[in-house]
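In case you want the letters, here they are:
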Amino acid sequence: MTEGFDTDLLWDEFHRLVNMNSEELRAYLLADASDASDASDASDGDGFPPDPDLGVDELGRGVLHVLSKRKGDLTEDDVELMRQVVELVETLGERTDAESRRELMSVGHDPLRG
C-alpha cells in the first residue's frame with residue numbers, strides 16, 4: 001500500500017483525467033483490439049487475436065486494474081501507472097485527431113467529453 005499527500009493528489013488527478021468508467025474503457029479496449037485483429041488477420045473467426053491479453057493495450061489494462069482498486073490498496077506499480085497516464089493525457093491535451101484520440105481513449109480519457 002502506498003500512502004502520502006503526493007499519492008492523494010495523484011489519485012485525484014488520475015480520476016479527474018480518466019473520464020471513462022471501467023465498463024466504457026473495457027468495451028473500448030476490446031473493440032480497439034478487435035479492430036486491430038480484423039486488420040491484421042481477417043481469417044480469425046472469433047474477432048479477437050489469439051494472444052491471452054486479447055491484444056488490449058497494456059497501459060489500458062493497467063488503468064482498468066487501478067479503477068477497480070481503493071486508494072489504500074495501491075501498489076508502487078499502480079502509482080507509477082497513474083503518473084504515466086496523467087503525463088500522457090497532459091502531454092496530448094485535448095487533441096481530437098483520430099490517432100491522438102485513440103491513444104487518449106486507450107487510457108480512459110475521451111477528449112470530446114466536457
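This structure is a prediction, so every number in the text was calculated from the model and none was measured. (Residues numbered from 1 in each chain as written. Predicted model: local features only at pLDDT ≥ 70, side-chain atom pairs only at ≥ 80, totals over all residues. Heavy atoms only, no water.)

Caption draft 1: Up close: a negative patch on the surface. Taken together, the side chains of Asp 57, Glu 58, Asp 97, Glu 99 and Glu 103 make up a negatively charged region of the molecular surface. For Asp 57, the location among the structural elements is in the loop between α2 (22-40) and α3 (58-67). (Patch = residues over 30% accessible without salt bridge, like charges linked within 9 Å, V, L, I, M, F, W, Y side chains within 5 Å. Areas by Shrake-Rupley, 256 points an atom, 1.4 Å probe, with all protein chains shown as cover. Salt bridge = Lys/Arg side-chain N within 4 Å of Asp/Glu carboxyl O. Lys, Arg positive; Asp, Glu negative; His and termini not counted. Charge placed at Lys NZ, Arg CZ, Asp CG, Glu CD. Helix = DSSP H or I, 4+ residues; strand = E, 2+ residues; numbered from the N terminus.)

Caption draft 2: Main features of the pattern of salt bridges. In total, this model carries 8 salt bridges according to the counting rule given. The salt bridge partner of Glu 24 is Arg 113, with a shortest N-O separation of 2.7 Å. In this pair, Glu 24 sits in helix α2 while Arg 113 sits in the segment after α5 (98-105), placing the two residues 89 residues apart along the sequence. Glu 24 gets classed as partly exposed once you look at its relative accessible area, which sits at 30%. Arg 113 sits in the partly exposed class, given a relative accessible area of 34%. Linking Lys 69 and Asp 78 is a salt bridge whose minimum nitrogen-to-oxygen distance equals 2.4 Å. With relative accessibility at 18%, the residue Lys 69 sits in the buried group. Accessibility expressed as a relative area gives 5% for Asp 78, which makes it buried. (Buried < 20%, exposed > 50% of the residue type's maximum accessible area, 1.4 Å probe, protein only.)

Caption draft 3: Here's a closer look at α5. Of the residues making up α5, those classed as buried are Ser 100, Leu 104 and Met 105. When α5 is viewed along its axis, its buried side chains cluster within an angular range of 125° and face the same direction. Of the exposed residues in α5, the ones pointing more than 90 degrees away from its buried face are Ala 98 and Glu 99. (Arc of directions from axis to C-beta.)

That is the geometry; function is a separate question.
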